[in-house]
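Each chain, written out:
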Amino acid sequence: RLGLKELDAKTLRHFGIGTMIHRFIQQEVALGHIGKAVEFEKQVELEVGGIKFTGHVDCFDGETVYDFKTSSQAEISAKYDNIGYNWQLNIYRAALCVEKMKLVYIDKRDLSVIEKDVPLVNLIKITEFCKKVMTACVKYKETGEFPAGDNCFMCRGEVSKK
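Residues numbered from 1 in each chain as written. Predicted model: local features only at pLDDT ≥ 70, side-chain atom pairs only at ≥ 80, totals over all residues. Heavy atoms only, no water.

Caption draft 1: Quick look at the pairing of strand S1 (residues 39-48). As paired strands, S1 and strand S2 (residues 51-60) are joined by nine bridges and run antiparallel to one another. Bridge pairing in S2 places Val 44 opposite Gly 55. Remark: two residues form the turn of the hairpin made by S1 and S2, two consecutive strands paired antiparallel; Gly 49 in that turn has positive phi of roughly 55 degrees. (Pairing = 2+ DSSP bridges. Helix = DSSP H or I, 4+ residues; strand = E, 2+ residues; numbered from the N terminus.)

This is the structure:
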């Protein structure tokens with residue numbers, strides 16, 4: 001997704017299916033779970049430390065930012081802290097000037113819902129990481145070399161594919 005490689009037709013089809021499932025989750029499952037008026041796909045922009053973040057909030061009720069995630073085992077997914085999800089929601093909540101954020105896991109097996117509060121994260125930490133990623137992307141385009149990475153899940157998977 002960083003533009004480091006072309007996406008094949010199969011991957012693009014998976015993204016399309018994911019978008020359709022996401023729309024269904026928003027319109028059918030989430031509305032019943034949240035139980036109040038909300039705005040879907042709210043566009044946000046935020047600039048911090050010279051980096052401009054843009055995105056679309058899955059759901060916003062005026063007080064809380066919600067992000068929907070589907071899982072074939074929602075109860076297991078909800079047990080783990082996903083730094084990427086947490087940071088994404090922290091950017092959205094800062095852009096909307098609110099404090100509350102929730103990850104909403106929807107189980108693909110039975111559409112059950114598990115809601116999880118997201119901890120506040122210092123935006124400077126997020127922007128410092130983003131600057132490292134941006135530097136690594138420039139280096140990759142120049143040299144074709146991935147950075148060494150750290151021990152996070154994504155780096156272990158991507159670096160091991162070299």
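Caption draft 2: Quick peek at a nonpolar patch on the surface. A cluster of nonpolar side chains, namely Leu 7, Leu 12 and Phe 15, defines an oily patch on the protein surface of about 250 Å² accessible area. Relative to the helices and strands, Leu 7 resides in the segment before helix H1 (9-34). Judged by its relative accessible area of 36%, Leu 7 falls in the partly exposed class. (Patch = residues over 30% accessible without salt bridge, like charges linked within 9 Å, V, L, I, M, F, W, Y side chains within 5 Å. Areas by Shrake-Rupley, 256 points an atom, 1.4 Å probe, with all protein chains shown as cover. Salt bridge = Lys/Arg side-chain N within 4 Å of Asp/Glu carboxyl O. Buried < 20%, exposed > 50% of the residue type's maximum accessible area, 1.4 Å probe, protein only.)

Caption draft 3: The arrangement of the sheet that holds strand S5 (residues 113-117) in detail. Reading across the sheet, the five strands line up as S1-S2-S3-S4-S5 and stay open at both edges, with mixed pairing between neighbours. Whereas interior strands pair on both sides, the edge strands pair on one side only; in this sheet they are S1 and S5. Sheet twist, expressed as the average angle between the axes of neighbouring strands with direction ignored, equals 35 degrees. (Axes fitted to C-alpha atoms, helices over the stretch in contact; angles between N-to-C directions.)

Caption draft 4: Here's a closer look at the nonpolar core. With 14 residues, the main nonpolar core has Val 57, Phe 60, Val 65, Leu 89 and Leu 96 as its most contacted residues. Taken together, the elements giving at least two residues each to this core come down to S2, helix H3 (83-95) and strand S4 (100-107). The leading source of residues in this core is S4, at three residues. Setting aside chain neighbours within four positions, we find Leu 96 in contact with Lys 42, Val 44, Val 57, Phe 60 and Val 65. One finds Leu 46, Phe 53, Ala 94 and Cys 130 within the second-largest nonpolar core, a separate group that totals eleven residues. (Core = buried A, V, L, I, M, F, W, Y, C linked by side-chain atoms within 4.5 Å. Contact = heavy atoms within 4.5 Å.)

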